[in-house]
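The lines below spell out each chain.
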Amino acid sequence: MFKKSGMVNKSAEQLQTGLTTLCNNLDTEPPCVSKHINILFEPNSTDIPGLDPALWCINEQTRQYICKNGFSQNLDVKFTASKRLYNVVQKGHFRNYFRYLNIDFFKTVLINGESCQRDYLSYSESTGSIYCVPCLLFENKTNFSKTGFSDWKHPKKISYHENSPEHKLCSYKMKELASDLSKINTKLIHQIETEKKYWISVLTRVCSVVKSLASHGLSFRGDVEKFGSSTSNTGNFIMMMELLAEYDPLLSEHISKYGNPGKGNTSYLSFSTYEQFIKIMSEKVINIIVDEIKSSKYFSISIDSTPDISHTDQLSFIIRYVLSNGEPIERFIGFLENVGHKSENIAESVLSVLKKYNLDVCYLRGQSYDNAKNMSGIYSGVQARIKQVSPLADFVPCSAHSLNLVGSCAANCSREDVCHSLKKNWSSIKQVLKELINDDYEKPFVRSEARGLIRQMNKLETAYMTVFWSDILHTFNKTSLLLQSVDIDISTVVSLYNSLIEYVQTLRSMFNDYEKLAKAMFDNDDLIPDYEHKNRKRKKQKNIEAIFPYVYVALRMFLCTPASNCSTERSFSTLRRIKSYLRSTMSSERLNSLAILNIESSITKMIDYDDIIKSFASKQSRRKV
């Protein structure tokens, strides 16, 4: 008759109310309808639990029903079944008295005086006890769930129970299950979550491939954008996805199902997907760099330009700053296209980039360029125009460029590796030339050239210049490599310059020594030890900011001042690899994204996949806000 508990509870309550009113008029005690309802429905029906918690059959179906439809505390019944006998000794005699369940036990009073209903309790008329419904449903091993609580003399035990961790855990489970069951779209949500996990797994693999290709500066697309193609011109992206699919069942099934869906279908394997990933990852890297710069506060700039493969002038922008551990570092910000060579245009572009990333020009403490007139001019060069905006931005000419100018004027076309190789293999080269001269099968031109070369090598002057320039260029080359390092500072540059000057001055008094070395080359093939320049790298002491705060600030300003602009020229190598002959039509935005991911690969590899996928999902969403 009653197939739903709501109808059972409602009918029982209406019948109980009617009988109570009738019996009150007749001055008799009304019967308990809920007890009969429980007896009627509980033993014969496993679908609907009754009103009495002691008679519930605890299973998953009961839990779901109670959590979804609720339960009755049975406060409208008489508590006659809760009668309990207690013994007390008074004046040497035992005295019996009875206690009953008080309705006030269903309430608790907070410390501030507020009263709260204990809605987790339910009275059982069959046992005359109260039960904790959450603990009963989730089988907490206490009296409140096993036999029910009926110690009316010690009501504080109810407070101890409701504050116990076990009761709180059961209550949380009950509310969580009730929340899940109250959703009419539970199955739909489960389906959406399952599909969401699937697409996240696919996007994680796509993101991993994009990160690997971009950080190594490799191309993505090929002539054929199709999975399973018999040709080898599918491009690196499809090649790597197919390679992973050989060992990844999920990706293999996804490619076989969505690999070539065509336009209008979702696969997240097309070029538009990885292009968005490239853009998102480059933005993440730039944001990390900008946050580091703002945290460091003081910074310097270094710029240089070069034409790319399409004869478009690209201005490389580098920012130098000091990390929290005291290490100076230089980061690539991007290429500026077609800025021009006028100092006014270059200065405006530099200031616009700083404004774009909200970098305060007041904290600009240094600038380093090559020795070109438009860059280093003291009146109208870029450094002069930047100083008009930020007077504390000191200009430091590139130390490596300056050394190269001195070396090229002194040595003209000489090269360190050539001189060193000639000096090291002097006797072997002479032996090979002699064999060429005596070989009748060689061409006359080759034999004649070999004869001329060995004639020059038999001169003492040639041997002397070989030994002399090998030492000089070796020392200059090692110094130049030190000047090109990122962690070098201006004081070290000055020390290196002074050591070179002393070294050159010392060479003037070493003519006889070099003459002996040159003469020895005609007698034996012993290797001559090279003069090596030893540089002691000075490190900044740590943990001094608390003792000398202003010294610490001064050191940060000093270390962020660049000594060379070699990092900008290193970015030109990346430019030539990324924007090659086959990718000469690449847009400026894509060029910058790929260049940032490649040059700053150390940051690229640290990016979390979850953040990238969330950003990708937010940009893909077509819902209106």
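Cut-offs and rules
- Residues numbered from 1 in each chain as written.
- Predicted model: local features only at pLDDT ≥ 70, side-chain atom pairs only at ≥ 80, totals over all residues.
- Heavy atoms only, no water.
- Helix = DSSP H or I, 4+ residues; strand = E, 2+ residues; numbered from the N terminus.
- Buried < 20%, exposed > 50% of the residue type's maximum accessible area, 1.4 Å probe, protein only.
- Contact = heavy atoms within 4.5 Å.
- Areas by Shrake-Rupley, 256 points an atom, 1.4 Å probe, with all protein chains shown as cover.
- Expected span 1.5 Å × (residues − 1).
- Arc of directions from axis to C-beta.
- Patch = residues over 30% accessible without salt bridge, like charges linked within 9 Å, V, L, I, M, F, W, Y side chains within 5 Å.
- Salt bridge = Lys/Arg side-chain N within 4 Å of Asp/Glu carboxyl O.
- Core = buried A, V, L, I, M, F, W, Y, C linked by side-chain atoms within 4.5 Å.
- Pairing = 2+ DSSP bridges.
- Phe/Tyr/Trp six-rings, centres within 6.5 Å; stacked < 30°, edge-to-face > 60°.
- pLDDT = per-residue confidence, 0-100.
- Axes fitted to C-alpha atoms, helices over the stretch in contact; angles between N-to-C directions.
- Parallel < 35°, antiparallel > 145°, perpendicular 65-115°, else oblique.
- Left-handed = near helix turned anticlockwise from the far one by under 90°.
- Nonpolar A, V, L, I, M, F, W, Y, C, P; charged D, E, K, R; others polar.
- Polar contact = N/O pair within 3.5 Å; in protein donor to acceptor, adjacent residues only side chain to side chain.

Asker: Break down the overall build of the protein for me, with residues and values.
Answerer: Looking only at helices and strands, one finds 25 helices and eleven strands in the protein. Counting across all 625 residues of the protein, residues that qualify as buried make up 41%. Across the protein, contacts joining residues at least 24 apart in sequence account for 65% of those joining residues at least 6 apart. Of the accessible surface of the protein, which amounts to about 36,500 Å², a share of 54% is contributed by carbon and sulfur atoms.

Asker: How would you sum up helix α19 (residues 490–507)? Please name residues and give values.
Answerer: The end-to-end C-alpha separation of α19 is 26 Å, in line with the 26 Å expected for 18 residues at 1.5 Å each. Restricting attention to buried positions, one finds in α19 the residues T492, V493, L496, S499, L500, Y503 and L507. The arc that holds every buried residue of α19, seen down its axis, measures 125°, which confines them to one face.

Asker: How would you explain a nonpolar patch on the surface if you had to name every residue and give the values?
Answerer: Taken together, the side chains of L85, F98 and Y100 present a nonpolar region at the surface, about 320 Å² in accessible area. With respect to the helices and strands, the residue Y100 is situated in the loop between β2 (93–99) and β3 (107–109).

Asker: Any details on the nonpolar core? Residues and values, ideally.
Answerer: By size, the foremost hydrophobic cluster in this structure holds 70 residues, and its most contacted members are F237, F317 and I319. Apart from the residues lying within four places of it in its own chain, the contact partners of F317 are I301, S302, I303, R331, F332, I333, G334, L336, V350, V353 and L354.

Asker: Tell me about the pairing of strand β6 (residues 129–132), and name the residues and values.
Answerer: Side chains S129 and Y131 of β6 all project onto a buried face; the interleaved residues I130 and C132 project onto the opposite face, where all are buried too. Relative to β6, strand β5 (residues 121–124) runs antiparallel, the two being bridged by four bridges. Bridge assignment links Y123 to a residue of β6, and that residue is I130.

Asker: Give a description of the pairing of strand β10 (residues 364–368) that names residues and reports values.
Answerer: Burial within β10 is extensive, with five of its five residues counted as buried. Strand direction decides the pairing type here: β10 and strand β11 (residues 394–395), joined by two bridges, are parallel. Across the sheet, residue Q367 finds its bridge partner in β11, namely F395.

Asker: Go over the pattern of salt bridges, please, and point to the residues and values.
Answerer: By the definition in use, this model includes 15 salt bridges. For D151, the salt bridge is made with K157, and the minimal N-O distance between the two is 3.2 Å. A relative accessible area of 40% places K157 in the partly exposed class. When salt bridges that share partners are traced, they join E60, R63 and E139 into one network.

Asker: Explain helix α17 (residues 444–457) residue by residue, including any values.
Answerer: Helix length check: α17 (14 residues) gives 20 Å between terminal C-alpha atoms against 20 Å at 1.5 Å per residue, within 8%. Among all positions of α17, only A450, I454 and M457 are buried. Summarising the axial view, the buried residues of α17 lie within an arc of 55°, below the 170-degree limit, and thus occupy one face. Away from its buried face by more than 90 degrees, α17 exposes P444, F445 and R455.

Asker: Residue-level account of the packing of aromatic side chains, with values.
Answerer: For the coordinates displayed, the defined rule picks out 21 aromatic pairs. Here the aromatic rings of Y298 and Y363 are separated by 5.9 Å at their centres, their planes lie at 85°, and the arrangement is edge-to-face. Of the two residues, Y298 is situated in the loop between α10 (271–296) and β7 (299–307) and Y363 in the loop between α11 (343–356) and β10; the sequence distance between them amounts to 65 residues. For Y298, a relative accessible area of 10% puts it in the buried group. By relative accessible area, which is 29% here, Y363 ends up partly exposed.

Asker: Mind laying out the confidence of the model for the protein, listing which residues take part and the relevant values?
Answerer: If pLDDT is low for a region, its predicted coordinates should not be looked at in detail. Confidence in the prediction of the protein, expressed as mean pLDDT, is 81, and 84% of residues score 70 or more. Across residues 1–11, where pLDDT falls below 50, the model places 15 contacts with residues more than four positions away in sequence or in other chains. For the stretch residues 33–46, pLDDT sits under 50, and the model shows 25 contacts to residues farther than four places along the chain or on other chains.

Asker: I'd like to hear about the sheet that holds strand β9 (residues 328–337), residue by residue, with values.
Answerer: Taken in spatial order, the five strands line up as β9-β8-β7-β10-β11 in an open sheet, and their pairing is mixed. The open sheet has two free edges, formed respectively by β9 and β11, since each of these has just one partner strand. Two elements, strand β8 (residues 313–322) and β9, share nine bridges in a ladder whose sense is antiparallel. When the sheet's bridge partners are listed, Q314 is paired in β9 with E337. Against the sheet, helix α13 (residues 382–389) contacts β7, β10 and β11, and its axis sits at roughly 175° relative to β10. Strands β8 and β9 of the sheet are contacted by helix α23 (residues 588–599), whose axis makes an angle of about 165° with β9.

Asker: Describe the packing of α10 against α23, and please don't skip the residues or the numbers.
Answerer: The packing of two helices is summarised by the inter-axis angle and the distance between the axes. Two elements in contact, α10 and α23, have axes separated by 9 Å at closest approach and are oriented at 60°. The orientation of α10 with respect to α23, classified from their angle, is oblique. Crossing geometry of α10 relative to α23 is assigned as left-handed. Side by side, α10 and α23 meet where E275, I278, K279, M281, S282, V285 and I286 of the first sit next to E589, R590, S593, L594, I596 and L597 of the second. When the residues that make up the contact of α10 with α23 are grouped by side-chain class, the tally is seven nonpolar, two polar and four charged.

Asker: An account of the environment of N592 is needed here, citing residue identities and associated values.
Answerer: One can find N592 in helix α23. For N592, a relative accessible area of 15% gives the class buried. A sequence separation of 14 residues divides N592 from I578, and the C-alpha atoms of the two residues are 9.8 Å apart. Discounting residues that sit within four places of it in the chain, N592 has contacts with G334 and F335.

Asker: Can you explain the side chain of S376? Please cite residues and give values.
Answerer: Along the polypeptide, S376 turns up in helix α12 (residues 373–376). For S376, the side chain forms a polar contact with the main-chain oxygen of A372, separated by 2.8 Å. Ignoring any residue separated from it by four or fewer positions in sequence, one finds S376 in contact with D370, N371, Q383 and F395.

Asker: Pulling in residues and values, what's your account of the packing of α11 against α13?
Answerer: Two elements in contact, α11 and α13, have axes whose closest approach is 9 Å; the angle formed by their N-to-C orientations is 45°. Comparing the axis directions of α11 and α13 gives the class oblique. Seen from above, α11 lies across α13 with right-handed handedness. On α13, the residues touching S343, E344, I346, A347, V350 and L351 of α11 are V382, R385, I386 and V389. Tallied by class, residues from the contact of α11 with α13 come to seven nonpolar, one polar and two charged.

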